[in-house]
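Fold and geometry: a report
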Amino acid sequence: MSYVIGVDLGTSAVKTVLVDRSGHVLYEASEAYPLYQPKAGYSEQNPEDWVQQTIVSLRKLMEISGINPAEVEGLSFSGQMHGLVLVDAEGNVLRPAILWNDTRTTAQCRKIENTLGQDLLSIARNRALEGFTLPKILWVQENEPEILDQAALFLLPKDYVRYRLTGDYAMDYSDAAGTLLLDPAAKSWSEQIANAFSLPLSLCPKLVESFDLVGTLLPEVAEEAGLTPQTKVFAGGADNACGAIGAGILSEGKTMSSIGTSGVVLSYEERKNLDFEGKVHFFNHSEKDAYYIMGVTLAAGYSLTWFKDTFAKDLSFDLLLQGIDQIPAGSGGLLFTPYIVGERTPHPDANIRGSFIGMDASHTLQHFGRAVLEGITFSLRESIDIIRGAGKTISEVISIGGGAKNETWLQMQADIFNAKIIKLESEQGPAMGAAILAAYGCGWFGSLQEVAAAFIRPAKTYEPNPETAASYDKLFALYQEVYGQTRELNEKLTEYRS
């Protein structure tokens, strides 16, 4: 018997899964690491924590499985996107990693826009947002120039971990596309963008495909992890690209909805010359010469977590959502906008804030709970509509993440998206995508599509109710009015926030 391992380096923890040739996840392990917020808007982690906890998770995975380490043919990675890791010529980390959810770089985003103008969208195909990597590099350039002067390379989170495991520096196209330094269509670093900010191209690592073999485990790492030095290591991909692979989004017309801390609507795309004017993200897929269109809700699952922790701290999520199926669509006239940490799609606005509208004395905790789920799903619907506006037919959506764990929420997605929702039998998201990359890299199948067909199995479908869908269409139109009508008020309230 032979196996592969998928490693998912998330924002709060690393998860590892052991997968057999039939695509069954036999064992999994995870290890958490801390998040540091030294100032308001800052979000950092120590890259050494990622490395050590990844090795611990791998060792635990091998211990609980009890399999022969020689039977693990290979492993690959999924990683949180955009995070900046700067290393010197010896591979030493020069400062804490600045993460995707760090918002200190608004000034640098405006600098990028003013310097590049329309060239930014024509080359990088994405707007300058605080979460992306180039603004973080410019922040270091302006605020810690001595650090940037020492930097030999910038890496993304999973790429630094993989370097420590193999000794190889590389970055795959799907993750590089989220830096604002890549030309996604040409699949090369943009000399024009780098030169505009006096950044040497030597700062950018070599580019590889997500399924490329980049080395084997260093002997000392293999011993610590309970594996062999012969274990093959494949490049891996961005968490959203791997989530797409893990959900089978590998051909035209395939779309997924992923609800974690943030929320993502992602659709496979073969055309490399589409222009969305920055309304949604356009990134390279982990499938060779393919792309994906992606809309993001910054606080999707996080909105629900915030609501529970603030108003129902002693309840489990199951108890919090108990009874929401008895609340009619529209939550009794209560509307929630999930802008509690700003928003990305279709409003790239770090300053907008969320709201409950229409509250009255008749509303219960269940009304509020349902309104939160509806608001999150309305935000995702905005991305669905933009993709449909590009000429895509979205008649079915694969739902993964937290939104796939609640029957009422799955039906809600079907009704709000007006599309069939598919729940998977075993939903491992990005970790499964990483395992699929490793299985393909090891030669188990002839294509990523073949691996996905063997590994991914639908469990249940949810059809839209025409009457409920029509009701939600009317409410969605009201939801779309909220942003414009509250933006000015939110700006005026900024001075009262601390």
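In what follows, the accompanying structure is described.

Procedures and definitions
Residues numbered from 1 in each chain as written. Predicted model: local features only at pLDDT ≥ 70, side-chain atom pairs only at ≥ 80, totals over all residues. Heavy atoms only, no water. Helix = DSSP H or I, 4+ residues; strand = E, 2+ residues; numbered from the N terminus. Rg over C-alpha atoms; globule rule 2.2 N^0.38 Å. Buried < 20%, exposed > 50% of the residue type's maximum accessible area, 1.4 Å probe, protein only. Contact = heavy atoms within 4.5 Å. Areas by Shrake-Rupley, 256 points an atom, 1.4 Å probe, with all protein chains shown as cover. Core = buried A, V, L, I, M, F, W, Y, C linked by side-chain atoms within 4.5 Å. Axes fitted to C-alpha atoms, helices over the stretch in contact; angles between N-to-C directions. Parallel < 35°, antiparallel > 145°, perpendicular 65-115°, else oblique. Left-handed = near helix turned anticlockwise from the far one by under 90°. Nonpolar A, V, L, I, M, F, W, Y, C, P; charged D, E, K, R; others polar. Patch = residues over 30% accessible without salt bridge, like charges linked within 9 Å, V, L, I, M, F, W, Y side chains within 5 Å. Salt bridge = Lys/Arg side-chain N within 4 Å of Asp/Glu carboxyl O.

1. Here we look at the overall build of the protein chain
Scanning the protein chain from terminus to terminus reveals 17 helices and 24 strands. Taken over the C-alpha trace, the protein chain has a radius of gyration of 22 Å; the compact-globule value for 498 residues is 23 Å, and the two agree within 12%. Taking the principal axes of its C-alpha atoms as reference, the protein chain extends roughly 65 × 50 × 45 Å. Looking at the protein chain as a whole, 58% of its 498 residues qualify as buried. Long-range pairs, those at least 24 residues apart, make up 71% of the contacts in the protein chain between residues at least 6 apart in sequence. For the protein chain, the accessible area works out to roughly 18900 Å², and carbon and sulfur atoms hold 49% of it.

2. Regarding the nonpolar core
Ranked by size, the top nonpolar core spans 79 residues in total, and within it Leu86, Leu134, Phe154, Leu181, Leu199 and Phe455 carry the most contacts. Element by element, the count of residues in this core is highest for helix H15 (residues 430-441), at 7 residues. Those residues within four positions of Phe455 in sequence are excluded, and the remaining contacts are Val19, Asp20, Arg21, Ser22, Gly23, Met432, Ile436, Ala439, Trp444 and Phe445. With 49 residues, the next largest nonpolar core counts Val280, Ile324, Ile416 and Phe417 among its residues.

3. Quick word on the packing of H15 against helix H16 (residues 448-455)
Relative to each other, H15 and H16 sit at 125 degrees, their axes nearing to 9 Å. The orientation of H15 relative to H16 falls into the category oblique. The way H15 lies across H16 gives a crossing that is right-handed. On the side of H15, the interface is formed by Met432, Ile436, Leu437, Ala439 and Tyr440, while H16 contributes Leu448, Val451, Ala452 and Phe455. A class-by-class count of the residues in the contact of H15 with H16 yields 9 nonpolar, no polar and no charged.

4. Description of a nonpolar patch on the surface
Together, Leu26, Tyr27 and Ile64 line one region of the surface with nonpolar side chains, adding up to about 250 Å² of accessible area. Note that Leu26 resides in strand E3 (residues 25-32). Exposure remark for Leu26: the relative accessible area of 36% places this residue in the partly exposed category.

5. Focus on helix H6 (residues 157-166)
With 9 of 10 residues buried, H6 lies mostly within the body of the structure. Turning to H6, its buried residues are Pro157, Lys158, Asp159, Tyr160, Val161, Arg162, Tyr163, Leu165 and Thr166. Directly after H6, the chain includes Gly167, whose backbone phi takes a positive value near 85 degrees.

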